[in-house]
Amino acid sequence: MRPSSRSLSLVAVGFVLGWSVCAAAQPPEEFRKRRDAVRAKMEPGSVLVLRGAARVGESFRQENNLLYLTGINEPNTALVLYGPRPEPQIPAEIKAELPDGFRLPPPPTEVLYIQPSAPQARPAPGAVPPAARLTRPGFDTVRAWQDFQEAFEAILTRGAGTSLSLSATGADGPQPPPVVYVDLQRSRRLLDPLTSDEQWLRAARDRGANVAFRSASALVRPLRAVKSPAEIERITAAMTITGAAQREAMRAAKPGMFEYQLQAVIEHVFLINGARRPAFASIIGSGPNGIILHWSENTRQTQPGDMVVMDVGAEYDLYAADITRTIPISGTFTTRQRDIYETVLRANQEAIAMIAPGVAMREINARVNGILTEGLLRLGLIKDKGELRKYYTHGLSHGVGLQVHDVGEGVLQAGMVLTIEPGLYIPEEATGVRIEDTVLVTEGGHKVLSADVPKAVAEIEALMRQDGIDYSRYLVNKKVDSRQ
Ligand code: GLY
Ligand code: MN
Ligand code: MN
């Protein structure tokens, strides 16, 4: 379909205004390379099965491992990958009948199952409608979703492929059962009814299936730790939007605002920039709520003098961002707030300065723990070095990618994207401070993807003096804003 002249003019306006957040589609070869990398790790004769997420109400978000390997964000999708398989053998009596050099075509190395897309064009009256499409770029073998259930059952009950049997005894003596990599949903408690996966498994075993189950996720997830240029482009876009939202929230913030109003400013900037949903529930924790790590009710009205933790991230083209800034709602830090804040800031900055390929997160953690402990002693909050965890109650870092809490590894490599997010949480002072940046590990060291969001005390105070979005003009119920 050609773009309408209206959408063309919107594109033109966007261009003139400098809307620059966009990323070219990831090429099918990128996904194929990822699948090849998974296959290279699979046991000979094994099968890997990834089933897509189900649609929940109106919203749909693909299971991340399947998305990573296919780029397909549609319901009713599954992928079957085959590990190395011996060439199919032709029985001697049949071979004798065949021309010299005849070989069976190799079995597929992968099969994609999708919901066939409906033909777009309406057929002319009386014409036979075109068949639904069953192709996807980069995939040689695509089958209809309706066939997946049967194929999966066949894998579970007959083994990995044509040349493997589930029998425990082969010509060379007892054989180990073929390996099937799959993520089965399991019930956490013995007393709970069986999940449908467990029922399936039981039925398969009742029919004599004897396969060794391994986690598909354990095979795929480590590959996701190092991001490709196309992935970095998407994370950077999500970060750029989130940075703009954080800056706008700093300009708009005023005492008396409700936490959800700061959330509205932030998510407004997300949407305006085409980030159609947050990567996680926005956390706006003012005063005592700043101590609650994943506070996302955002219902409290801020009071003059509060510190406000704003931990937010846009999702852009399925990739996440994650940035936390902590601001004084009144626009200036008190001396005490500044002392606490600058302890956390130092931990944040020194941790980031250490990021480079080959560095172990353990070393960075040790440095941060040292700085925070020293700070707590100086602030008079602890008397003993062993008390750090009283006020620093979470981890320093996690990977960022398709998920906000993405795959992370112990030793840094170029291409990893991770957060650095030290914090101090002081219930007796109703004060929480967290400063979180998302950082790309580069060959030469690192690049802070949230570098354009102020975090020095003077920079924050300067930005808060600027005028921000005047959200009060949209308020229809004056009672919700005490400043009216
Ligand atoms: N936004 C959640 C976190 O920082 O881990
Ligand atoms: Mn985080
Ligand atoms: Mn965060």
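Every value quoted in this text rests on a predicted model; they were computed, and no experiment measured them.

**Looking at the overall build of the chain**
Assigned secondary structure in the chain consists of 12 helices and 19 strands. Scored against the burial criterion, the 484 residues of the chain give a buried share of 46%. About 24700 Å² of surface is accessible on the chain, with carbon and sulfur atoms providing 55% of the total.

**Side note on the coordination of the manganese ion (ligand 2)**
A four-donor tetrahedral metal ideally has 109.5 degree angles, and a six-donor octahedral metal ideally has angles of 90 or 180 degrees. With distances of 1.9 to 2.2 Å, the protein atoms coordinating the manganese ion (ligand 2) are Asp-322 (OD), His-398 (NE2), Glu-421 (OE) and Glu-436 (OE). Taken together, the 6 donor atoms coordinating the manganese ion (ligand 2) and their angles of 49 to 155 degrees define a geometry best described as irregular. All donors of the manganese ion (ligand 2) come from a single chain, and their spacing in sequence reads D-x75-H-x22-E-x14-E. Distance-wise, the manganese ion (ligand 3) is placed 3.1 Å from the manganese ion (ligand 2), both being coordinated by Asp-322.

**Overview of the site of ligand 1**
Around ligand 1, the structure places Phe-280, His-294, Asp-311, Asp-322, His-398, His-405, Glu-421 and Glu-436. Between an oxygen atom of ligand 1 and a side-chain N or O atom of His-405, the distance comes to 2.6 Å. Between Glu-421 and ligand 1, the recorded distance is 3.0 Å, taken from a side-chain N or O atom to an oxygen atom. Relative to its free-state accessible area of 200 Å², ligand 1 is covered by the protein chains to the extent of 92%. The residue inventory of the shell around ligand 1, partitioned by class, reads 1 nonpolar, 3 polar and 4 charged.

**What about helix α8 (residues 229-252)?**
Under the 1.5 Å per step criterion, the end-to-end length of α8 is 34 Å for 24 residues, consistent within 8% with the ideal 34 Å. Taking burial as the measure, the 24 residues of α8 include 18 buried ones, the bulk of the element.

**Points about the sheet that holds strand β14 (residues 323-328)**
Taken in spatial order, the 3 strands make up an open sheet running β10-β11-β14, and their pairing is antiparallel. At either margin of the open sheet sits one strand with a lone partner, and together these are β10 (283-286) and β14. On average, each strand axis in the sheet is tilted by 10 degrees relative to the strand beside it, whichever way the strands run. In terms of strand pairing, β10 meets strand β11 (residues 307-312) through 4 bridges, oriented antiparallel. Counted as the bridge partner of Gly-285 is Val-309 from β11. Contacts from helix α9 (residues 259-272) reach β10 and β11 within the one sheet, and its direction differs from that of β10 by about 150 degrees.

**Thoughts on the confidence of the model for the chain**
Taken residue by residue, the chain gives an average pLDDT of 88. The fraction at 70 or more is 88%. The low-confidence segment residues 160-170 (pLDDT under 50) makes 27 contacts with residues lying over four places distant or belonging to another chain.

**A closer look at the pattern of salt bridges**
Evaluated as defined, the whole model comprises 26 salt bridges. Arg-61 is the partner of Glu-315 in a salt bridge, and the nearest nitrogen-oxygen pair spans 3.1 Å. Taken together, the residues span a long stretch of sequence, with Glu-315 in strand β12 (residues 314-316) and Arg-61 in the loop between β1 (47-51) and α3 (64-70) at a distance of 254 residues. Here Arg-224 makes a salt bridge to Asp-406, at a shortest N to O gap of 2.8 Å. With Arg-224 in the loop between α7 (216-220) and α8 and Asp-406 in the loop between α11 (361-378) and β15 (417-420), this pair connects stretches of sequence that are 182 residues apart. Each of the two residues, Arg-224 as well as Asp-406, counts as buried.

**Here we look at the coordination of the manganese ion (ligand 3)**
In the first shell of the manganese ion (ligand 3), the protein supplies Asp-311 (OD), Asp-311 (OD), Asp-322 (OD) and Glu-436 (OE), at 2.0 to 2.7 Å from the metal. In this structure, the manganese ion (ligand 3) is coordinated by 6 donor atoms arranged in irregular fashion, with angles at the metal of 53 to 172 degrees. On the primary sequence, the residues serving as donors to the manganese ion (ligand 3) are separated as D-x10-D-x113-E. Residue Asp-322 is classed as buried on the basis of its relative accessible area, which comes to 3%. Given a relative accessible area of 0%, Glu-436 falls into the buried group.

**Re the sheet that holds strand β4 (residues 142-144)**
Strand order in the open sheet formed by 6 strands is β4-β3-β2-β1-β7-β8, and the pairing between neighbours is mixed. Across the chains shown, the open sheet's two edge strands, defined by having one partner strand only, are β4 and β8 (212-214). Strand-to-strand, the axes of this sheet are offset by a mean angle of 20 degrees, without reference to chain direction. As judged from the 5 bridges shared by β1 and strand β2 (residues 78-82), these two strands associate in the antiparallel manner. Bridging from a neighbouring strand, Val-47 pairs with Tyr-82 of β2. Sheet strands in contact with helix α2 (residues 28-41) are β1, β2, β3 (110-114) and β7 (179-182), and its direction is about 50 degrees off that of β2.

**Quick word on the pairing of β14**
Within β14, 6 of the 6 residues are buried, which leaves it mostly tucked inside the rest of the structure. Here β14 shows no split at all, with Ile-323, Arg-325 and Ile-327 on one side and Thr-324, Thr-326 and Pro-328 on the other all buried. Note that β11 and β14 share 6 bridges and pair antiparallel. Directly across from Asp-311, in β14, lies its bridge partner Thr-324.

**Considering the nonpolar core**
Counting 103 residues, the largest nonpolar core has Leu-48, Leu-262, Met-310, Tyr-341, Ile-364, Leu-412 and Ile-420 as its most contacted members. Top element by residues in this core is α8. It accounts for 10 residues. Residues lining this core come from more than one domain, with at least three contributed by each of domain 1 (28-118 + 132-222) and domain 2 (228-482). With residues near it in sequence (within four places) discarded, Leu-412 still touches Ile-355, Ala-356, Pro-357, Gly-358, Val-359, Met-361, Ile-364, Leu-418 and Val-441.

Calculation rules
Residues numbered from 1 in each chain as written. Chains lettered and ligands numbered in written order. Predicted model: local features only at pLDDT ≥ 70, side-chain atom pairs only at ≥ 80, totals over all residues. Heavy atoms only, no water. Helix = DSSP H or I, 4+ residues; strand = E, 2+ residues; numbered from the N terminus. Buried < 20%, exposed > 50% of the residue type's maximum accessible area, 1.4 Å probe, protein only. Areas by Shrake-Rupley, 256 points an atom, 1.4 Å probe, with all protein chains shown as cover. Donors = N, O, S within 2.8 Å, 3.2 Å for Na, K, Ca; no water. Tetrahedral: all angles 85-135°; square planar, octahedral: opposite > 155°, others 65-115°. Near = heavy atom within 4 Å. Polar contact = N/O pair within 3.5 Å; in protein donor to acceptor, adjacent residues only side chain to side chain. Nonpolar A, V, L, I, M, F, W, Y, C, P; charged D, E, K, R; others polar. Expected span 1.5 Å × (residues − 1). Pairing = 2+ DSSP bridges. Axes fitted to C-alpha atoms, helices over the stretch in contact; angles between N-to-C directions. Contact = heavy atoms within 4.5 Å. pLDDT = per-residue confidence, 0-100. Salt bridge = Lys/Arg side-chain N within 4 Å of Asp/Glu carboxyl O. Core = buried A, V, L, I, M, F, W, Y, C linked by side-chain atoms within 4.5 Å. Domains from an automatic or database assignment.

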